[in-house]
Amino acid sequence: MTAVQGSTSTAGPESRQMLRHFLGLMGKSVFTALVLAFFVIPVLWLVFAPFDAHPGLNVKLPEFTFNNFKVLLDNPTAIASLGNSLILALGSMVVVLVLGSLASYSLSRVKIPGRDLLLYTLLLLSSIITGTAAMVPTFLLMVKLGLIDSQFGVILVLSGGILPTVIFILKDFMDSTPKSYEESARLYGAKPLRILWDVVIPLARPGLATIAVWAVVQVWGNFLVPYILLRSPSKSPAAVVMYTFYTEGGQPNLALISAFSLLFSIPVVAMYFFVNRRYGFRFHGGIKS
Amino acid sequence: MPAPAAGTGPSRAVVDDGDVAGLGKARAMAFLAPALLLVSLFLVFPALWTLYLGLTNYRLSGSAAKNPQFVGVDNYINALSDDRFFNSLGLTLIFVFGSAVIGQSALGFAIAWTMTRVRKSVRAVVEFFVLLAWIIPSSVTTFLWYAMLDRSNGTLNAMLSTGNTAWLLDYPLQSIIVFNTWVGTAFSMLLFSSALASVPPSQLESARMVGAGAWAQFRDVVFPHIRGHVLTNTLLITLWTFNTFTPYLLTAGGPDDRSNILPIFIYRLALNDGALGQGSAISLIMIIINLVIATVYLRLLKERKA
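Just so it is clear, the structure is predicted and the values come from calculations on it, not from any experiment. (Residues numbered from 1 in each chain as written. Chains lettered and ligands numbered in written order. Predicted model: local features only at pLDDT ≥ 70, side-chain atom pairs only at ≥ 80, totals over all residues.)

1. Regarding the domain arrangement of chain A
The parts lose accessible area when they come together, and the size of an interface is often stated as this lost area.
All names here are of chain A.
So, step 1. What the domain assignment reports for chain A is domain 1 (11–65) and domain 2 (72–287).
So, step 2. Here the C-alpha centre of domain 2 lies 35 Å away from the C-alpha centre of domain 1.
So, step 3. For the side of domain 1 that touches domain 2, the residue count by class is 4 nonpolar, 1 polar and no charged. (Domains from an automatic or database assignment. Nonpolar A, V, L, I, M, F, W, Y, C, P; charged D, E, K, R; others polar.)

2. Re the packing of helix α4 (residues 83–115) of chain B against helix α11 (residues 214–242) of chain B
Residues and elements named next belong to chain B.
So, step 1. Remark: α4 packs on α11, axes separated minimally by 9 Å, with the N-to-C direction vectors making an angle of 140°. Considering the angle they form, α4 stands oblique to α11. Crossing handedness for the pair α4 and α11: right-handed. Contact with α4, carried on its side by Thr92, Phe95, Val96, Ser99, Ala100, Val101, Gln104 and Ser105, involves Asn233, Thr234, Ile237, Thr238, Thr241 and Phe242 of α11 and no other residues of that element.
So, step 2. Looking at the contact of α4 with α11 residue by residue, the classes come out as 6 nonpolar, 8 polar and no charged. (Axes fitted to C-alpha atoms, helices over the stretch in contact; angles between N-to-C directions. Helix = DSSP H or I, 4+ residues; strand = E, 2+ residues; numbered from the N terminus. Parallel < 35°, antiparallel > 145°, perpendicular 65-115°, else oblique. Left-handed = near helix turned anticlockwise from the far one by under 90°. Contact = placed C-beta atoms within 7 Å.)

3. Examining the interface of chain B and chain A
So, step 1. Facing the 88 residues of chain B at the interface are 89 residues of chain A.
So, step 2. The leading source of residues in the side of chain B that touches chain A is helix α1 (residues 24–53) of chain B, at 20 residues.
So, step 3. Taken together, the residues that form the side of chain B that touches chain A break down as 64 nonpolar, 17 polar and 7 charged.

4. Considering the domain arrangement of chain B
Residues and elements named next belong to chain B.
So, step 1. Each assigned domain of chain B is listed with its residue range as follows: domain 1 (24–66) and domain 2 (82–305).
So, step 2. Of the residues lining the interface, 11 residues belong to domain 1; the matching set on domain 2 comes to 9 residues.
So, step 3. When its residues are assigned to classes, the side of domain 1 that touches domain 2 shows 5 nonpolar, 5 polar and 1 charged.

5. Notes on helix α9 (residues 172–197) of chain B
Residue and element names in this part refer to chain B.
So, step 1. Between its first and last C-alpha, α9 extends 38 Å over 26 residues, near the 38 Å set by a 1.5 Å rise per residue.
So, step 2. The sharpest bend along α9 comes to roughly 45°, located at Gly184.
So, step 3. With 20 of 26 residues buried, α9 is to be regarded as a mostly interior element. (Expected span 1.5 Å × (residues − 1). Bend = angle between axes of the 7 residues up to and from the residue. Buried ≥ 20, exposed ≤ 12 C-beta atoms within 10 Å, placed from the backbone.)

6. A closer look at the environment of Asp198(A)
All names here are of chain A.
So, step 1. Summarising the element assignment, Asp198 is placed in helix α8 (residues 192–203).
So, step 2. Using a count of 15 C-beta atoms within 10 Å as the deciding quantity, one classes Asp198 as partly exposed.
So, step 3. Separated by 13 residues in sequence, Asp198 and Ala185 have C-alpha atoms that sit 9.2 Å apart.

7. Section: the confidence of the model for chain B
So, step 1. The predicted model of chain B has a mean per-residue pLDDT of 86, with 93% of residues at 70 or higher.
So, step 2. Among the scores for the predicted complex, ipTM is 0.84 and pTM is 0.86. (pLDDT = per-residue confidence, 0-100.)

Right under this line is the structure:
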């Protein structure tokens, strides 16, 4: 914050400095207002339309009602799709947490030959082989494996894609947990898996929480992979199903879409801000693609 | 904790190599194996397979689906002599440059910079909304912008009194550029605000004392401190923007291919039109472009960690 720092020398430079200060203040106020307008206005629809008795595409103050949520609850496809999103998100989260902590723990504690090379290769691969660049071979692979239209298949593909980043970040966390506890646990005869579960996991909990939230956010909103790999609407997650909500007249069903969008957005937004406040992961959260 | 048992633990010679839990190489490999297996099967293998598929005339249906023929580099020659491919590549470059390099990077920096000189409460509000755009699932944000830009009821037309302008039809590329800027600015803002926090205030103070203007302060004091961050940020968001499929939900590449960026082009070519071989060839071109960007980035990362 720049307070008024006008010097009290001659009138000339003082008034020039005042002018400059005034212009600066104007500039940053106008800029802040424009930025807020740009980022707030599109979101207003998500805040108002779900509670509007006659939602339109335009942003307007609602004629208050909860009816849109009733429409949503009466739509089995919509509710099921939120459940499907949950299955995909939690499934992938469990897979990457289990495989990721095993892998990162062993990479952190044992100097396997070529370890650094392996880590960087993994990270490189995961950033160049993206869902979009690899959609054709992934689709064909799943056809051959008979995993088209299988939620399990989607979980495997999504987990494979985010696992390298998970290992990379978790290894950092594992590296920074104190090793003396493990040593004493070992002196008491605990086996490595037991040590990992009872000693290391509790110590690395902030890192694991970060990764868990990050994985859920990644998968929850993912459109492309389930869009390509799933066929039946009954298995599709919210991100895909949302685009099938049309009225009989072929218009988007705004009552349903608005309430659904809100319900679909709240969990990730809440999780993000919860973890951000609790663990302050401003930066690891940055890997959303 | 279990009682002390006659165990395997202390019997082995304890060498201080960081292996405090007595994992040993074999078991470490076993711990690592499941993760590597998953990554190899669903990440590495598809990429390698693209190499082969791109050399065949594989199709989604028909006779070429059952007995794909090896066609050598025909797909690449086709791609490189296809106007649609170059149209798509050109659009992608404009899209990446406009929405990542200019849009997200510049806007993100401008916000981070301005927010260092406003009240804390203002800063918290601005950051909240910028972040919100980034966190809301992409299916929802695309719908928000679809509503915003609608021809007859859109909020944008109402605000600018631009009548019935059909933004998504008349300005498809500009629309997805603005959309992607809106979605992604948060990352640059966060990265730059933590970078700016690392600039020593005393240096700024002394620059101000000698009467340096905002631009001079930026050029001589701030920029040298954040140069590394600028590079990191540019590379990462370039990579992500280059690979985003989300604009598909807004314009589906249309009208007339005018927003047909590469990911959408591949999707339509391979999975809509069924030309899997041709699509793979273009996928590989995309992977190679990704590889170039990522290699530069990882080299920087390694240098900074070292």
